[in-house]
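# Per-entry structural report
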Amino acid sequence: MLKRDATGSAMMGGLRLCDLLDLDEAGPGGERVPTPAYVYDLDAMARAARELSAGFGGAPHLVAYAVKANTAGPVVRALAGAGCGAEVVSGGELAVALACGVAPEAILYSGVAKTAPEIDRAIGAGERGILALQIESVEEIPRVAARARALGRRARVSFRLNPGVEADTHAYVATGHDEAKFGVALADLPAAWEELARAGDALELVGLGAHIGSQLTRTDEYLASADAMLALCAQRIASHGALSFVDFGGGFGVDYGAGCPVAPADFARAVTERVARSGLGGLRIVVEPGRSMVASFGVLCARVVMAKRSRGGEGERRWLMLDAGMNDLLRPALYAAKHRIEPLEGPPPAPGAGKGFRVVGPVCESSDDFGEHPFEEPLPRAVVLRDAGAYGYTMASEYNGRSLPAEIFVAGGRVVAVHRPRSAAVWVAERASIGQ
Ligand code: LLP
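Residues numbered from 1 in each chain as written. Predicted model: local features only at pLDDT ≥ 70, side-chain atom pairs only at ≥ 80, totals over all residues. Heavy atoms only, no water.

## What to know about the overall build of the chain
Definition in use: Put simply, DSSP H or I for four residues or longer makes a helix, DSSP E for two residues or longer makes a strand, and each gets a number counted from the N terminus. The buried label applies to any residue whose accessible area, calculated with a 1.4 Å probe on protein chains only, is under 20% of its type's maximum; exposed applies above 50%, and partly exposed to all values in between. A contact between two residues is defined here by any heavy atoms of the two lying within 4.5 Å. The protein chains shown are the only cover counted for residues, whose accessible areas, like all others here, come from Shrake-Rupley with a 1.4 Å probe. By the counting scheme adopted, Arg and Lys are positive, Glu and Asp are negative, and His together with the chain ends is not counted. Every charge is mapped to an atom, namely NZ of Lys, CZ of Arg, CG of Asp or CD of Glu.
If you tally the helices and strands in the chain, you get 12 helices and 23 strands. In terms of overall dimensions, the chain has C-alpha extents of about 70 × 55 × 50 Å along its principal axes. Among the 436 residues that make up the chain, the fraction classed as buried is 54%. At a minimum sequence separation of 6, the contacts of the chain that also span at least 24 residues come to 70%. Surface exposure of the chain reaches about 18,100 Å², of which carbon and sulfur atoms provide 53%. Taking the average place of the 45 positive charges on the side chains of the chain and the average place of its 51 negative ones, the gap between the two points comes to 2 Å.

So this is what it looks like as structure tokens:
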């Protein structure tokens, strides 16, 4: 979480950001890391995971961290150290989770179009393969069964069901409704059971699950989906015997500045109570949080390159131009997400104070726009974009020939790792040399 010292200077994990970064345009370089740079507080991430776990009381559970939110080794290792497994959506993410010490038995693999080599890696991991490949369609069942036969293994699978629940969130991150490409629709479940029976010994169904969407700021829809899952688990167990887990998905919201009345542990407490009430108390509860484990514990730091004033129909407009753009943090451009932007070295303006500046990046797109934020004169030389620990670096690109952002990892009050991107010169050489 971003904190401020007595002078108002921004801090992460007990360190002043201005001491970590190279903020001079000419730059002393050296040890300091150039902007744009993400800074993460690993201890706070581990704490968030433990707080969520505590919400399950003594009930058997697995927090499968959705690696897509932040794939950096120090982050995955910190969360694994706090007891998390992993939810992955590609062969690459699976390999990262395994390389970071997550046990195969604690890994779930979702995704609507897993390739044969990806399926093989999941089935082939460790002694018995991963905890479960999440089946997202009837058509996927024979594909996974064929790979299991080819490898001479029995693959553990779970069905990711689409419960038809409309999550109250941005359309791009709502996944549990009827129009989404994700999961097996309830109407297709009978066909899925038949296909599973045809797969015979190649597959072992170990769980049922759903993930209805992301950035949920109330529990209602999550619990509606959970109830639907529990009813289906009860039916399946009655007809075919034990399942080992029920997976309620991720999606726990965070406070991006407009508030978030529910904490991840509130979801955990609520579903634990539902499971107990359903009479399926022996069933292990799985959740797949990504954002809520990391978003609030990462910031993106950027230098202010310059300010600009322009006169138009609506009068004067004030712009603040950063050295970070949509290639570094895509969420505002893609989802109209608003991340709070504050001075890095001084306190943010008091509520209602300051003038509104449109904060933009250098990328040649109108959507490279972080929205309007208040600033006071004199303008800061650097800013922090808050709550950028999730879906920040993982969605970054080299668009416009820009380097990827740097990353700094803080734990125990010190910098424990720095990731410097490959230099722009390497990008130039690679692109220019194609076909030469
Ligand atoms: N499980 C599955 C199957 C998912 O598809 C997702 C996210 C998660 C778990 C984790 O959801 P979370 O706890 O992070 O909400 N790039 C977007 C978010 C995309 C979410 C995709 N799936 C953003 O920046 O808001």
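Let us keep going from here.
## Quick look at the pairing of strand β22 (residues 406-411)
How we decide: For two strands to pair, DSSP has to find at least two bridges joining them.
A large share of β22 lies buried, amounting to 6 of its 6 residues. Here β22 shows a buried face lined by Ala 406, Ile 408 and Val 410 and a second buried face lined by Glu 407, Phe 409 and Ala 411. The sheet contact formed by β22 and strand β23 (residues 414-419) spans 5 bridges and is antiparallel. Note on β23: the bridge partner recorded for Val 410 is Val 415.

## Details of the layout of surface pockets
Over the atoms a probe the size of a water molecule is rolled, and this reveals where empty space is left. Put simply, the rule is: Lining residues are those with an atom within 4 Å of a point, where the points come from a 1 Å grid over the protein atoms alone and group into cavities, where a 1.4 Å probe fits but cannot get out, or pockets, open sets with protein on both sides within 12 Å along at least five of seven lines. Grid points are joined across faces, edges and corners, and a volume is the space filled by probe spheres set on the points. In this classification, the charged set is Asp, Glu, Lys and Arg, the nonpolar set is Ala, Val, Leu, Ile, Met, Phe, Trp, Tyr, Cys and Pro, and all remaining amino acids, among them Gly, are polar.
Reported here for the second largest pocket is a volume of approximately 510 Å³. Sorting the residues of the lining of the second largest pocket by element identifies β2 (10-12), α2 (42-54) and α9 (264-278) as the ones contributing at least two each. Among the elements that take part in the lining of the second largest pocket, α2 stands out by supplying 5 residues, more than any other. Grouping the constituent residues of the lining of the second largest pocket by class yields 13 nonpolar, 5 polar and 8 charged.

## Brief notes about the pattern of salt bridges
Using the following cut-off: The working definition used for a salt bridge is a side-chain nitrogen of Lys or Arg within 4 Å of a carboxyl oxygen of Asp or Glu.
For the coordinates displayed, the defined rule picks out 26 salt bridges. The shortest N-O distance in the salt bridge between Asp 19 and Arg 16 comes to 3.1 Å. On the accessibility criterion, Asp 19 (38% relative accessible area) is partly exposed. Residue Arg 16 is classed as partly exposed on the basis of its relative accessible area, which comes to 31%. Residue Glu 140 pairs with Lys 114 through a salt bridge whose shortest N-O separation is 2.6 Å. A residue pair is termed long-range when its members are at least 10 positions apart, and Glu 140 in helix α6 (residues 140-151) and Lys 114 in the loop between β9 (107-109) and α5 (116-124) qualify at 26 residues. Both residues of the pair, Glu 140 and Lys 114, count as buried. Several salt bridges converge on common partners, so that one network encompasses Arg 309, Arg 311, Glu 316, Lys 355 and Glu 377.

## Examining the sheet that holds strand β1 (residues 3-4)
Judged by pairing direction, the sheet is antiparallel, and its 3 strands sit side by side in the order β1-β2-β3 without closing on themselves. Of all strands in the sheet, those with a lone pairing partner are β1 and β3 (15-16), marking the two edges. Where β2 and β3 come together, 2 bridges link them in antiparallel fashion. Bridging from a neighbouring strand, Met 12 pairs with Leu 15 of β3.

## Some thoughts on the state of the cysteines
Basically, it comes down to this: In this description, a disulfide is simply a cysteine sulfur pair whose atoms lie within 2.5 Å.
In total, this model carries 0 disulfides according to the counting rule given. This cysteine, Cys 260, is not joined by any disulfide, and Cys 84 carries the nearest cysteine sulfur, 18 Å off.

## Quick word on helix α7 (residues 189-199)
Counted only if it meets this: Note that the arc is computed from the directions linking the helix axis to the C-beta atoms.
Residues of α7 that are buried: Leu 189, Ala 192, Glu 195, Leu 196 and Ala 199. The arc that holds every buried residue of α7, seen down its axis, measures 115°, which confines them to one face. Opposite the packed face of α7, turned more than 90 degrees from it, sit the exposed residues Ala 197 and Arg 198. Buried positions along α7 lie against α6, β11 (155-162), β12 (184-185), β13 (203-209) and α8 (220-240). Positioned one or two residues after α7, Gly 200 has a phi angle of 55°, which is positive.

## Some details on the side chain of Glu 407
Going by this rule: Distance and chemistry together define a polar contact, namely a pair of N or O atoms within 3.5 Å, with one atom able to donate a hydrogen and the other to accept it when in protein, and with adjacent residues in sequence counting only for side-chain atoms on both sides.
Locating Glu 407 in the fold gives a position in strand β22. Buried charged residue Glu 407 carries no salt bridge. Nearest counter-charge: Arg 77, at 11 Å. In this structure the side chain of Glu 407 is engaged in a polar contact, spanning 2.8 Å, whose partner is the side chain of Tyr 40.

## Regarding the packing of α8 against α9
We apply this condition: Axis definition: a line fit to C-alpha positions, over the contact stretch in the case of helices; interaxial angles, taken between N-to-C directions, run 0 to 180 degrees. Geometric relationships in this document are graded by angle, where less than 35 degrees denotes roughly parallel, more than 145 denotes roughly antiparallel, 65 to 115 denotes roughly perpendicular, and other angles denote oblique. Note: crossing handedness is left-handed where the near helix turns anticlockwise from the far helix by less than a right angle, and right-handed where it turns clockwise.
In contact at an axis separation of 10 Å, α8 and α9 are set at 30° when each is read in the N-to-C sense. Looking at the two axes, α8 sits roughly parallel to α9. Our pair here, α8 against α9, has a crossing hand that is right-handed. Residues Tyr 222, Leu 223, Ala 226, Asp 227 and Leu 230 of α8 form the contact with α9, whose participating residues are Phe 267, Ala 270, Val 271, Arg 274, Val 275 and Ser 278. Per-class residue counts for the contact of α8 with α9 are 8 nonpolar, 1 polar and 2 charged.

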